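The residues making up each chain are set out below.
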Amino acid sequence: MKRDQQSECGACGAPERLLLHNLRHRASYRRLCTNCVLKNHQGLFCPICLEVFNESPPSHQRLICLKCPSISHLSCSSSSSQASFTCPPCSNPNFSFFNVTPNTSNKKPKSTPDHQGGSNDHDPNLMKRVIDKEAAKALLAAAKIAAASMTKAAAVARVEAERRVKEATLTKKRAKEALERLAFLARKDKDLKSSHTQIQS
Ligand SMILES: [Zn+2]
Ligand SMILES: [Zn+2]
Ligand SMILES: [Zn+2]
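Residues numbered from 1 in each chain as written. Chains lettered and ligands numbered in written order. Predicted model: local features only at pLDDT ≥ 70, side-chain atom pairs only at ≥ 80, totals over all residues. Heavy atoms only, no water.

## A closer look at the pattern of salt bridges
No. 1: Counting across every chain of the model gives 7 salt bridges.
No. 2: Here Arg163 makes a salt bridge to Glu160, at a shortest N to O gap of 3.1 Å. Residue Arg163 and its partner Glu160 are both found in helix H4 (residues 133-200); the two are separated by 3 residues, about one turn of the helix.
No. 3: By relative accessible area, Glu160 is classed as partly exposed at 27%. (Salt bridge = Lys/Arg side-chain N within 4 Å of Asp/Glu carboxyl O. Helix = DSSP H or I, 4+ residues; strand = E, 2+ residues; numbered from the N terminus. Buried < 20%, exposed > 50% of the residue type's maximum accessible area, 1.4 Å probe, protein only.)

## Here's the deal with the coordination of the zinc ion (ligand 3)
No. 1: For the zinc ion (ligand 3), the protein coordination sphere consists of Cys65 (SG), Cys68 (SG), Cys87 (SG) and Cys90 (SG), at 2.2 to 2.3 Å.
No. 2: Around the zinc ion (ligand 3) sit 4 donor atoms, and with donor-metal-donor angles ranging over 105 to 116° the site reads as tetrahedral.
No. 3: Linear spacing of the donor residues for the zinc ion (ligand 3) on their chain is C-x2-C-x18-C-x2-C. Of the two residues, Cys65 sits in the loop between strand S3 (62-64) and strand S4 (71-73) while Cys87 sits in the loop between S4 and helix H3 (88-91), which places them 22 residues apart along the sequence. Cys87 shares its class with Cys65; the two are buried. (Donors = N, O, S within 2.8 Å, 3.2 Å for Na, K, Ca; no water. Tetrahedral: all angles 85-135°; square planar, octahedral: opposite > 155°, others 65-115°.)

## Quick notes on the pairing of strand S2 (residues 28-33)
No. 1: The pairing of strand S1 (residues 20-25) with S2 spans 6 bridges and is classified as antiparallel. Bridge pairing in S2 links His21 to Leu32.
No. 2: The turn linking S1 back onto S2 is made up of 2 residues, and Arg26 within it adopts a positive phi angle of 45°. (Pairing = 2+ DSSP bridges.)

## Brief notes about the nonpolar core
No. 1: Ranked by size, the top nonpolar core spans 23 residues in total, and within it Leu38, Phe45, Phe97 and Phe98 carry the most contacts.
No. 2: Of all elements in the fold, only S1, S2, helix H2 (34-39) and H4 reach the threshold of two or more residues within this core.
No. 3: The element contributing the most residues to this core is H4, with 7 residues.
No. 4: The residues touching Phe97, leaving out its near neighbours within four places in the chain, are Asn35, Leu38, Lys39, Phe45, Pro47, Leu50, Pro89 and Ala138. (Core = buried A, V, L, I, M, F, W, Y, C linked by side-chain atoms within 4.5 Å. Contact = heavy atoms within 4.5 Å.)

From the geometry alone we can't say anything about function, so treat these as descriptive.
Printed below as a string of structure tokens:
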């Protein structure tokens, strides 16, 4: 395993040894952290409740962010007017979907006990892996998006492979036809020459 290359997020460089998702993004395979998966796939999930859409909600039940293609459930948003709605990441530049480090968290964790078995609290290099409910939802959403992206990539790869096989078959057929044509012309040429020879003799 090439751990050096794979132990950090391919987009933000965050060291997420355990929690990187494999996915195909912008025509290449990448490993991204939960936050980057979600931030790079706006419109596939509600950024408020983190539900991944099977199909996007009907227009009267959704809000589209003014600054990005993100789609939120109308029922999840505190704002009810499309005119002023921006999604959580666009509303707050420091927003992160995935907060497992209390010191970078921009909101106070409601139910996360801060001082429970935290012997690593004082070591800044050791992240305290407290995954609260919100983080778990983000992780699940990112995993679903990554899985869907890989399934799609596999389908694309299969179609591409089939196309190449067809092309190869066609090329072979053309080559065979060309050879047959050549053989035919050679035969005709020979016949012509032999008939000449017959006339001359
Ligand atoms: Zn990242
Ligand atoms: Zn929602
Ligand atoms: Zn937005």
